[in-house]
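# Structural overview
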Amino acid sequence: MTILKRNLNAFLPRMVDMIDHENFPWAKIECKFESEIEKRFRDKGDREYITIEASIYDIIISVKSGKREHVGLLKYFNSLFTELSENLSEQEKTHVVSAVKNLLLTFDKRYLNFVGELAVLNQLKKTGNFNLHKHEFKLPNKKTIDFDLEILEPNMRILLEVLNIHINEQKVENDFDKIKGFFERRISDKIDSKKMNLQPDYNIHIIPVVWGSYEQLVIYRDFFKENSLDVDLAHEPLSFLMLSDGEDYYHFQFSPLSQLP
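Notes on the structure follow. (Residues numbered from 1 in each chain as written. Predicted model: local features only at pLDDT ≥ 70, side-chain atom pairs only at ≥ 80, totals over all residues. Heavy atoms only, no water.)

## Comments concerning the overall build of the chain
When helices and strands are counted, the chain shows nine helices and six strands. Taken over the C-alpha trace, the chain has a radius of gyration of 19 Å; the compact-globule value for 261 residues is 18 Å, and the two agree within 12%. Along the longest, intermediate and shortest principal axes, the C-alpha atoms of the chain span 50 × 45 × 35 Å. The 261 residues of the chain split such that 48% are buried. The contacts of the chain with a sequence gap of at least 6 include a subset with a gap of at least 24, amounting to 62%. Surface exposure of the chain reaches about 13800 Å², of which carbon and sulfur atoms provide 47%. (Helix = DSSP H or I, 4+ residues; strand = E, 2+ residues; numbered from the N terminus. Rg over C-alpha atoms; globule rule 2.2 N^0.38 Å. Buried < 20%, exposed > 50% of the residue type's maximum accessible area, 1.4 Å probe, protein only. Contact = heavy atoms within 4.5 Å. Areas by Shrake-Rupley, 256 points an atom, 1.4 Å probe, with all protein chains shown as cover.)

Following this line, the structure appears as C-alpha coordinates:
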(Lines give C-alpha, C1' and ligand atoms only; values in the text may rest on other atoms or scores of the structure.)
Protein backbone atom coordinates (compact mmCIF):
# COMPACT_ATOMS: atom_id res chain seq x y z
CA MET A 1 0.00 0.00 0.00
CA THR A 2 1.43 3.39 -0.97
CA ILE A 3 1.85 6.10 1.68
CA LEU A 4 -0.68 8.27 -0.15
CA LYS A 5 -3.25 5.48 -0.24
CA ARG A 6 -2.69 4.77 3.46
CA ASN A 7 -3.40 8.41 4.35
CA LEU A 8 -6.48 8.55 2.15
CA ASN A 9 -7.73 5.32 3.68
CA ALA A 10 -7.36 6.78 7.18
CA PHE A 11 -9.57 9.79 6.39
CA LEU A 12 -11.66 8.74 3.40
CA PRO A 13 -12.04 4.96 3.74
CA ARG A 14 -15.31 4.79 1.81
CA MET A 15 -13.74 6.48 -1.19
CA VAL A 16 -10.83 4.05 -1.19
CA ASP A 17 -13.19 1.09 -0.79
CA MET A 18 -15.26 2.19 -3.79
CA ILE A 19 -12.39 2.64 -6.24
CA ASP A 20 -9.78 0.19 -4.98
CA HIS A 21 -9.03 -2.50 -7.53
CA GLU A 22 -5.93 -3.86 -9.17
CA ASN A 23 -6.01 -1.41 -12.08
CA PHE A 24 -6.39 1.81 -10.08
CA PRO A 25 -3.23 3.90 -10.66
CA TRP A 26 -2.16 4.47 -7.06
CA ALA A 27 1.55 4.58 -7.93
CA LYS A 28 0.99 7.16 -10.70
CA ILE A 29 -1.07 9.37 -8.39
CA GLU A 30 1.53 9.19 -5.63
CA CYS A 31 4.25 10.12 -8.13
CA LYS A 32 2.22 13.14 -9.30
CA PHE A 33 1.60 14.14 -5.66
CA GLU A 34 5.31 14.00 -4.82
CA SER A 35 6.12 16.09 -7.91
CA GLU A 36 3.57 18.69 -6.83
CA ILE A 37 5.08 18.91 -3.33
CA GLU A 38 8.57 19.30 -4.78
CA LYS A 39 7.29 22.05 -7.08
CA ARG A 40 5.83 23.93 -4.11
CA PHE A 41 9.13 23.71 -2.28
CA ARG A 42 10.97 25.07 -5.32
CA ASP A 43 8.48 27.89 -5.82
CA LYS A 44 8.35 29.05 -2.21
CA GLY A 45 11.25 27.49 -0.38
CA ASP A 46 9.01 27.11 2.66
CA ARG A 47 7.75 23.76 3.92
CA GLU A 48 4.61 25.40 5.28
CA TYR A 49 3.52 26.05 1.71
CA ILE A 50 2.46 22.42 1.29
CA THR A 51 -0.64 23.15 3.37
CA ILE A 52 -1.69 26.36 1.63
CA GLU A 53 -3.17 25.16 -1.68
CA ALA A 54 -6.75 23.98 -1.21
CA SER A 55 -6.47 20.47 -2.61
CA ILE A 56 -7.92 17.41 -0.94
CA TYR A 57 -4.42 16.52 0.24
CA ASP A 58 -4.00 19.90 1.94
CA ILE A 59 -7.31 19.34 3.73
CA ILE A 60 -5.97 16.04 5.08
CA ILE A 61 -2.59 17.58 6.01
CA SER A 62 -4.41 20.37 7.83
CA VAL A 63 -6.48 17.91 9.88
CA LYS A 64 -3.44 15.73 10.63
CA SER A 65 -1.64 18.81 11.95
CA GLY A 66 -4.46 19.42 14.45
CA LYS A 67 -6.50 22.09 12.66
CA ARG A 68 -10.17 21.32 13.17
CA GLU A 69 -11.70 23.67 10.60
CA HIS A 70 -11.48 21.04 7.86
CA VAL A 71 -12.67 18.02 9.87
CA GLY A 72 -16.24 18.56 8.75
CA LEU A 73 -15.29 18.69 5.08
CA LEU A 74 -13.60 15.30 5.28
CA LYS A 75 -16.65 13.92 7.09
CA TYR A 76 -18.83 15.18 4.25
CA PHE A 77 -16.60 13.64 1.58
CA ASN A 78 -16.65 10.31 3.39
CA SER A 79 -20.44 10.45 3.77
CA LEU A 80 -20.78 11.25 0.05
CA PHE A 81 -18.77 8.18 -0.90
CA THR A 82 -20.74 6.10 1.60
CA GLU A 83 -23.96 7.10 -0.16
CA LEU A 84 -22.48 6.60 -3.63
CA SER A 85 -21.37 3.11 -2.63
CA GLU A 86 -24.92 2.34 -1.58
CA ASN A 87 -26.71 4.07 -4.48
CA LEU A 88 -24.56 3.03 -7.44
CA SER A 89 -24.62 -0.44 -8.98
CA GLU A 90 -21.31 -2.24 -9.40
CA GLN A 91 -21.32 -1.33 -13.09
CA GLU A 92 -22.07 2.33 -12.33
CA LYS A 93 -19.16 2.45 -9.87
CA THR A 94 -16.78 1.51 -12.67
CA HIS A 95 -18.03 4.50 -14.66
CA VAL A 96 -17.16 7.07 -11.96
CA VAL A 97 -13.65 5.80 -11.21
CA SER A 98 -12.33 8.37 -13.71
CA ALA A 99 -13.97 11.21 -11.76
CA VAL A 100 -12.27 10.06 -8.54
CA LYS A 101 -8.95 9.68 -10.34
CA ASN A 102 -9.26 13.24 -11.67
CA LEU A 103 -10.12 14.46 -8.17
CA LEU A 104 -6.94 12.87 -6.81
CA LEU A 105 -4.84 14.30 -9.64
CA THR A 106 -6.03 17.89 -9.06
CA PHE A 107 -3.81 19.84 -6.70
CA ASP A 108 -5.83 23.02 -6.22
CA LYS A 109 -9.42 23.96 -5.39
CA ARG A 110 -10.62 22.65 -8.75
CA TYR A 111 -10.79 19.22 -7.13
CA LEU A 112 -14.19 20.46 -5.93
CA ASN A 113 -15.40 20.30 -9.54
CA PHE A 114 -15.22 16.51 -9.39
CA VAL A 115 -16.82 16.50 -5.94
CA GLY A 116 -19.61 18.56 -7.52
CA GLU A 117 -20.08 16.03 -10.32
CA LEU A 118 -20.28 13.13 -7.88
CA ALA A 119 -22.59 14.99 -5.49
CA VAL A 120 -25.02 15.77 -8.34
CA LEU A 121 -24.95 12.14 -9.47
CA ASN A 122 -25.61 11.03 -5.89
CA GLN A 123 -28.63 13.33 -5.61
CA LEU A 124 -30.08 11.90 -8.81
CA LYS A 125 -29.44 8.29 -7.78
CA LYS A 126 -31.12 8.88 -4.41
CA THR A 127 -34.40 9.52 -6.26
CA GLY A 128 -34.36 5.95 -7.59
CA ASN A 129 -35.29 7.27 -11.04
CA PHE A 130 -31.90 7.43 -12.80
CA ASN A 131 -29.41 4.93 -14.19
CA LEU A 132 -25.89 5.96 -15.18
CA HIS A 133 -24.74 4.65 -18.55
CA LYS A 134 -21.53 6.60 -19.03
CA HIS A 135 -19.28 9.17 -17.38
CA GLU A 136 -17.41 11.52 -19.75
CA PHE A 137 -19.64 10.70 -22.71
CA LYS A 138 -17.88 11.66 -25.96
CA LEU A 139 -19.84 13.73 -28.46
CA PRO A 140 -19.25 13.65 -32.26
CA ASN A 141 -17.43 17.02 -31.98
CA LYS A 142 -14.90 15.41 -29.58
CA LYS A 143 -16.28 17.33 -26.60
CA THR A 144 -17.31 15.36 -23.53
CA ILE A 145 -20.41 15.52 -21.35
CA ASP A 146 -20.25 14.53 -17.71
CA PHE A 147 -23.09 12.00 -17.68
CA ASP A 148 -25.15 9.89 -20.07
CA LEU A 149 -28.22 9.06 -17.97
CA GLU A 150 -31.39 7.05 -18.31
CA ILE A 151 -34.52 8.42 -16.66
CA LEU A 152 -36.81 5.56 -15.71
CA GLU A 153 -40.08 7.50 -15.49
CA PRO A 154 -40.80 8.83 -18.03
CA ASN A 155 -38.40 6.56 -19.89
CA MET A 156 -35.82 8.66 -21.74
CA ARG A 157 -32.09 9.25 -22.12
CA ILE A 158 -30.46 12.59 -21.34
CA LEU A 159 -26.99 14.09 -21.41
CA LEU A 160 -26.11 16.07 -18.29
CA GLU A 161 -23.29 18.54 -17.76
CA VAL A 162 -22.39 19.79 -14.27
CA LEU A 163 -21.22 23.42 -14.31
CA ASN A 164 -19.16 24.22 -11.21
CA ILE A 165 -19.11 27.91 -10.31
CA HIS A 166 -16.62 29.19 -7.70
CA ILE A 167 -17.92 32.51 -6.41
CA ASN A 168 -15.69 35.56 -6.49
CA GLU A 169 -16.79 37.13 -3.19
CA GLN A 170 -15.79 40.59 -4.41
CA LYS A 171 -18.25 40.44 -7.29
CA VAL A 172 -21.43 39.13 -5.65
CA GLU A 173 -24.08 41.87 -5.76
CA ASN A 174 -27.66 41.70 -4.54
CA ASP A 175 -29.03 42.91 -7.86
CA PHE A 176 -31.73 41.01 -9.81
CA ASP A 177 -30.46 41.83 -13.31
CA LYS A 178 -26.82 41.12 -12.48
CA ILE A 179 -27.59 37.78 -10.82
CA LYS A 180 -29.85 36.68 -13.67
CA GLY A 181 -27.33 37.83 -16.29
CA PHE A 182 -24.43 36.14 -14.49
CA PHE A 183 -26.03 32.70 -14.34
CA GLU A 184 -27.60 32.82 -17.79
CA ARG A 185 -24.32 33.92 -19.36
CA ARG A 186 -22.28 31.20 -17.64
CA ILE A 187 -24.80 28.51 -18.58
CA SER A 188 -25.21 29.69 -22.18
CA ASP A 189 -21.44 29.84 -22.66
CA LYS A 190 -21.13 26.26 -21.39
CA ILE A 191 -23.92 25.01 -23.66
CA ASP A 192 -22.46 26.80 -26.69
CA SER A 193 -19.02 25.32 -26.06
CA LYS A 194 -20.41 21.80 -25.81
CA LYS A 195 -22.70 22.11 -28.84
CA MET A 196 -20.12 23.60 -31.22
CA ASN A 197 -20.44 21.89 -34.63
CA LEU A 198 -23.17 19.54 -33.34
CA GLN A 199 -26.54 18.81 -34.88
CA PRO A 200 -29.27 20.80 -33.03
CA ASP A 201 -31.04 17.65 -31.78
CA TYR A 202 -28.49 17.17 -28.96
CA ASN A 203 -30.38 18.25 -25.86
CA ILE A 204 -27.84 18.84 -23.13
CA HIS A 205 -29.10 19.49 -19.61
CA ILE A 206 -27.06 21.76 -17.32
CA ILE A 207 -26.98 21.69 -13.52
CA PRO A 208 -24.79 24.42 -11.99
CA VAL A 209 -23.10 23.81 -8.64
CA VAL A 210 -22.18 26.98 -6.76
CA TRP A 211 -19.28 26.98 -4.28
CA GLY A 212 -18.93 29.87 -1.84
CA SER A 213 -19.46 31.13 1.67
CA TYR A 214 -22.89 31.22 3.26
CA GLU A 215 -22.98 35.03 3.13
CA GLN A 216 -22.78 34.95 -0.66
CA LEU A 217 -24.96 31.90 -1.15
CA VAL A 218 -27.91 33.46 0.69
CA ILE A 219 -27.95 36.32 -1.83
CA TYR A 220 -28.42 33.77 -4.61
CA ARG A 221 -30.85 31.79 -2.44
CA ASP A 222 -33.16 34.78 -2.16
CA PHE A 223 -33.03 35.29 -5.93
CA PHE A 224 -33.95 31.68 -6.75
CA LYS A 225 -36.75 31.61 -4.19
CA GLU A 226 -38.62 34.03 -6.43
CA ASN A 227 -37.08 33.59 -9.88
CA SER A 228 -35.92 31.07 -12.47
CA LEU A 229 -33.53 31.22 -15.41
CA ASP A 230 -34.59 31.65 -19.04
CA VAL A 231 -32.29 29.01 -20.50
CA ASP A 232 -33.69 25.78 -21.97
CA LEU A 233 -32.74 22.61 -20.08
CA ALA A 234 -30.94 24.59 -17.36
CA HIS A 235 -31.87 23.54 -13.83
CA GLU A 236 -31.73 25.51 -10.61
CA PRO A 237 -28.19 25.66 -9.24
CA LEU A 238 -27.25 23.41 -6.34
CA SER A 239 -24.94 24.34 -3.50
CA PHE A 240 -23.14 22.80 -0.53
CA LEU A 241 -23.60 24.04 3.01
CA MET A 242 -22.01 22.74 6.21
CA LEU A 243 -23.19 23.77 9.66
CA SER A 244 -21.33 22.92 12.87
CA ASP A 245 -21.44 23.63 16.59
CA GLY A 246 -17.65 23.98 16.61
CA GLU A 247 -17.28 20.63 18.33
CA ASP A 248 -18.32 17.26 16.90
CA TYR A 249 -21.72 18.08 15.37
CA TYR A 250 -21.89 18.64 11.62
CA HIS A 251 -24.88 19.07 9.36
CA PHE A 252 -24.37 18.80 5.61
CA GLN A 253 -26.76 20.03 2.94
CA PHE A 254 -26.36 19.67 -0.79
CA SER A 255 -29.52 21.08 -2.32
CA PRO A 256 -31.02 23.63 -4.71
CA LEU A 257 -30.00 27.16 -3.73
CA SER A 258 -33.61 28.13 -2.95
CA GLN A 259 -33.75 25.44 -0.25
CA LEU A 260 -30.86 26.76 1.82
CA PRO A 261 -31.88 27.78 5.36
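## Notes on the packing of aromatic side chains
In this structure the tally under the stated criterion is 16 aromatic pairs. Ring geometry for Tyr76 against Phe240: centres 4.3 Å apart, planes inclined by 40 degrees, an arrangement best described as tilted. Residue Tyr76 is found in helix H5 (residues 71–87), and its partner Phe240 is found in strand S5 (residues 238–244); the two are separated by 164 residues along the sequence. By relative accessible area, Tyr76 is classed as buried at 7%. The exposure class of Phe240 is buried, given its relative accessible area of 11%. Through pairs of rings, three or more aromatic residues link up here, namely Tyr76, Phe77, Tyr111, Trp211, Phe240, Tyr250 and Phe252. (Phe/Tyr/Trp six-rings, centres within 6.5 Å; stacked < 30°, edge-to-face > 60°.)

## Let's talk about the sheet that holds S5
Read from one edge of the open sheet, six strands run S1-S2-S3-S4-S5-S6, paired in mixed fashion. The sheet is open, and its two borders are formed by strand S1 (130–138) and strand S6 (250–256), each paired with just one other strand. When the angles between neighbouring strand axes are averaged without regard to direction, this sheet yields 25 degrees. As paired elements, strand S4 (residues 204–211) and S5 share two bridges and run parallel to each other. (Pairing = 2+ DSSP bridges. Axes fitted to C-alpha atoms, helices over the stretch in contact; angles between N-to-C directions.)

## Focus on helix H6 (residues 90–104)
Between its terminal C-alpha atoms H6 stretches 21 Å, which fits the 21 Å expected from 15 residues at 1.5 Å a residue. Remark: the principal bend of H6, roughly 35 degrees, maps to Val96. Within H6, the full set of buried residues consists of Glu92, Lys93, His95, Val96, Val97, Ala99, Val100, Leu103 and Leu104. (Expected span 1.5 Å × (residues − 1). Bend = angle between axes of the 7 residues up to and from the residue.)

## A look at the packing of helix H1 (residues 3–11) against helix H4 (residues 56–64)
Relative to each other, H1 and H4 sit at 70 degrees, their axes nearing to 11 Å. Regarding the angle of H1 to H4, the classification is roughly perpendicular. The two elements H1 and H4 meet at a crossing, and its hand is left-handed. Residues Leu4, Asn7, Leu8 and Phe11 of H1 form the contact with H4, whose participating residues are Tyr57, Ile60, Val63 and Lys64. The residue makeup of the contact of H1 with H4, split by class, is six nonpolar, one polar and one charged. (Parallel < 35°, antiparallel > 145°, perpendicular 65-115°, else oblique. Left-handed = near helix turned anticlockwise from the far one by under 90°. Nonpolar A, V, L, I, M, F, W, Y, C, P; charged D, E, K, R; others polar.)

## A few points about the pattern of salt bridges
In this structure the tally under the stated criterion is twelve salt bridges. Residues Lys93 and Glu90 are paired through a salt bridge, measuring 3.0 Å at the closest nitrogen-oxygen approach. Separated by three residues within a single helix, Lys93 and Glu90 lie in helix H6, roughly one turn from each other. A relative accessible area of 13% places Lys93 in the buried class. The residue Asp222 makes a salt bridge to Arg221 at a minimum N-O spacing of 3.0 Å. When its relative accessible area of 40% is taken as the criterion, Asp222 is described as partly exposed. Residue Arg221 is classed as buried on the basis of its relative accessible area of 13%. When salt bridges with common partners are traced through the structure, they connect Glu161, Lys190 and Lys194 into a single cluster. (Salt bridge = Lys/Arg side-chain N within 4 Å of Asp/Glu carboxyl O.)

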